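Structural description and commentary
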Amino acid sequence: MTSPGWGGDWGDPSLRRRDHHAGALLMGSRGDKDVDTFMAELAADPEYQQRRQAIDAEHTRLVGINRAASAPLAAELRALGYAVEFPEDLYSYDYRTAVPVLIDWLPRIDNPDVKASIARALAVGWARPIAAQPLVREYAAVLGKGGVQNEMLRFDFANALDVVADSTVADDLMRFVADDRTEDDARSALLSALGHAGSATVARFVADQLSDDASPLVLVGGLVALRRLGDPTTRPTVDRYVSHPHRDVRREAVRTAKSLDRAGHRKRTAE
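Description of the overall build of the chain
Per the secondary structure count, the chain includes 13 helices and 0 strands. Start at the N end of the chain and walk to the C end: the helices and strands fall as α-α-α-α-α-α-α-α-α-α-α-α-α. Residue burial in the chain is summarised as follows: out of 271 residues, 48% are buried. Across the chain, contacts joining residues at least 24 apart in sequence account for 65% of those joining residues at least 6 apart. As presented, the chain carries roughly 13300 Å² of accessible surface, and 53% of it is formed by carbon and sulfur atoms.

Have a look at this one:
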């Protein structure tokens, strides 16, 4: 069964690009107006409607391109019993037998929307750790490349690695995190992924990334990693953020501190 929208609207991978452009168009016009007033003005604004129609027409064009690019992969998936058009249609299934096919096609697909869709479909527990190395290679291939599309790809690869990474890719993840070209949303996911790569070296590296001038996104990702790693020696780093002005950082710091306390207690008891 095809999931809602992949053959229609929200599921198509080009939709994020359409919404990015539409969102920029909206935010550039709203100012301080309330939503109802703003939307009424847009409905009566022929220039806005013309621009929105152009965005929708471009989306329709991309749907066709993406469908054609995804067709060979979809044919293989259908041969396995998955009635899909795009990789994320697999969400309707227990699709662990499809994972090797997705990994095989990941480097073979040039279409960035479909490639990102494969990455998102690989962000599942049963792709761990088999998908880790392929995703690392894909991330490395787009590291430093400009444009919104490559930025979205980096995030999708990093987000999938947050699910499937293990210790075999720890060095790669640390290299990506330390690279100045990595955006904060991808860096946050990569730091969080390091939480699956447990070692004292990794824990120290993550702790060193949590500087006071780091963004809340990066801090939360790093704190999640420290909680997963469970190294009590990183507790002083965590303590710096229990009173952070950003709510999400505070919440994750408190949660991590409690978890590290439990880990420290277990270690002392075992000794």
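Points about helix 8 (residues 170–178)
Of the positions making up helix 8, those classed as buried are Ala 170, Asp 172, Leu 173, Met 174, Phe 176 and Val 177. Packing partners of the buried residues in helix 8 comprise helix 6 (132–142), helix 7 (148–164), helix 9 (184–194) and helix 10 (200–209).

A look at the nonpolar core
Nonpolar side chains in soluble globular proteins tend to end up buried together. With 67 residues, the main nonpolar core has Leu 77, Leu 102, Leu 122, Leu 135, Leu 161, Leu 194 and Val 206 as its most contacted residues. Those residues in contact with Leu 161 that lie beyond four places of it in its chain are Ala 132, Leu 135, Val 136, Leu 173, Leu 190 and Ala 193.

Thoughts on helix 10
Val 202, Ala 203, Phe 205, Val 206 and Ala 207 are the residues of helix 10 that are buried. For helix 10, the secondary structure elements touched by its buried residues are helix 8, helix 9, helix 11 (216–229) and helix 12 (235–239).

Examining the side chain of Arg 227
As for its position among the elements, Arg 227 is in helix 11. In this structure Arg 227 comes out as buried when scored by relative accessible area, which is 18%. Within polar-contact distance, the side chain of Arg 227 engages the side chain of Glu 252 at 2.9 Å. Among residues more than four places away in sequence, those in contact with Arg 227 are Glu 252, Arg 255, Thr 256 and Ser 259.

Side note on the packing of helix 6 against helix 7
The contact between helix 6 and helix 7 brings their axes to 9 Å, and the two run at 155°. Taken together, helix 6 and helix 7 sit at an angle that is classed as roughly antiparallel. For helix 6 against helix 7, the interelement crossing comes out left-handed. Two secondary-structure elements touch here, helix 6 through Ala 132, Leu 135, Val 136, Glu 138, Tyr 139 and Val 142 and helix 7 through Asn 150, Leu 153, Arg 154, Phe 157, Ala 158, Ala 160, Leu 161 and Val 164. Within the contact of helix 6 with helix 7, the residues separate by chemical class into 11 nonpolar, 1 polar and 2 charged.

Some thoughts on unusual backbone geometry
Note that the residue after Arg 128, namely Pro 129, is joined by a cis bond; omega there is -5°. Summarising the element assignment, Pro 129 is placed in the loop between helix 5 (112–121) and helix 6.

Examining the packing of aromatic side chains
For any pair of aromatic rings, the description consists of the separation of the ring centres together with the inter-plane angle of the planes. All chains considered together, the criterion is met by 3 aromatic pairs. When the centroid spacing of 5.2 Å and the interplanar angle of 85° are considered together, the rings of Tyr 82 and Tyr 93 count as edge-to-face. Residue Tyr 82 is located in the loop between helix 3 (46–79) and helix 4 (99–105), and its partner Tyr 93 is located in the loop between helix 3 and helix 4; the two are separated by 11 residues in the primary sequence. The exposure class assigned to Tyr 82 is buried, which follows from its relative accessible area of 6%.

Digging into the environment of Arg 120
Topologically, Arg 120 is positioned in helix 5. Sequence separation of Arg 120 and Asp 156 is 36 residues, and the distance between their C-alpha atoms is 6.2 Å. Only 2.9 Å separates the side chain of Arg 120 from the side chain of Asp 156, close enough to count as a polar contact.

Let's talk about the pattern of salt bridges
Evaluated as defined, the whole model comprises 19 salt bridges. Note that Arg 154 is salt-bridged to Glu 183, the shortest N-O span being 2.6 Å. With Arg 154 in helix 7 and Glu 183 in the loop between helix 8 and helix 9, this pair connects stretches of sequence that are 29 residues apart. Given the relative accessible area of 18%, Glu 183 is considered buried. For Glu 252, the salt bridge identified is with Arg 227, shortest N-O distance 2.9 Å. Residue Glu 252 is found in helix 13 (residues 247–270), and its partner Arg 227 is found in helix 11; the two are separated by 25 residues along the sequence.

A short note on the environment of Val 224
Note on placement: Val 224 falls in helix 11. As for Val 224 and Ala 189, which are separated by 35 residues in sequence, their C-alpha atoms are 9.6 Å apart. Not counting chain neighbours up to four residues away, the residues in contact with Val 224 comprise Ser 192 and Glu 252.

Procedures and definitions
- Residues numbered from 1 in each chain as written.
- Predicted model: local features only at pLDDT ≥ 70, side-chain atom pairs only at ≥ 80, totals over all residues.
- Heavy atoms only, no water.
- Helix = DSSP H or I, 4+ residues; strand = E, 2+ residues; numbered from the N terminus.
- Buried < 20%, exposed > 50% of the residue type's maximum accessible area, 1.4 Å probe, protein only.
- Contact = heavy atoms within 4.5 Å.
- Areas by Shrake-Rupley, 256 points an atom, 1.4 Å probe, with all protein chains shown as cover.
- Core = buried A, V, L, I, M, F, W, Y, C linked by side-chain atoms within 4.5 Å.
- Polar contact = N/O pair within 3.5 Å; in protein donor to acceptor, adjacent residues only side chain to side chain.
- Axes fitted to C-alpha atoms, helices over the stretch in contact; angles between N-to-C directions.
- Parallel < 35°, antiparallel > 145°, perpendicular 65-115°, else oblique.
- Left-handed = near helix turned anticlockwise from the far one by under 90°.
- Nonpolar A, V, L, I, M, F, W, Y, C, P; charged D, E, K, R; others polar.
- Phe/Tyr/Trp six-rings, centres within 6.5 Å; stacked < 30°, edge-to-face > 60°.
- Salt bridge = Lys/Arg side-chain N within 4 Å of Asp/Glu carboxyl O.

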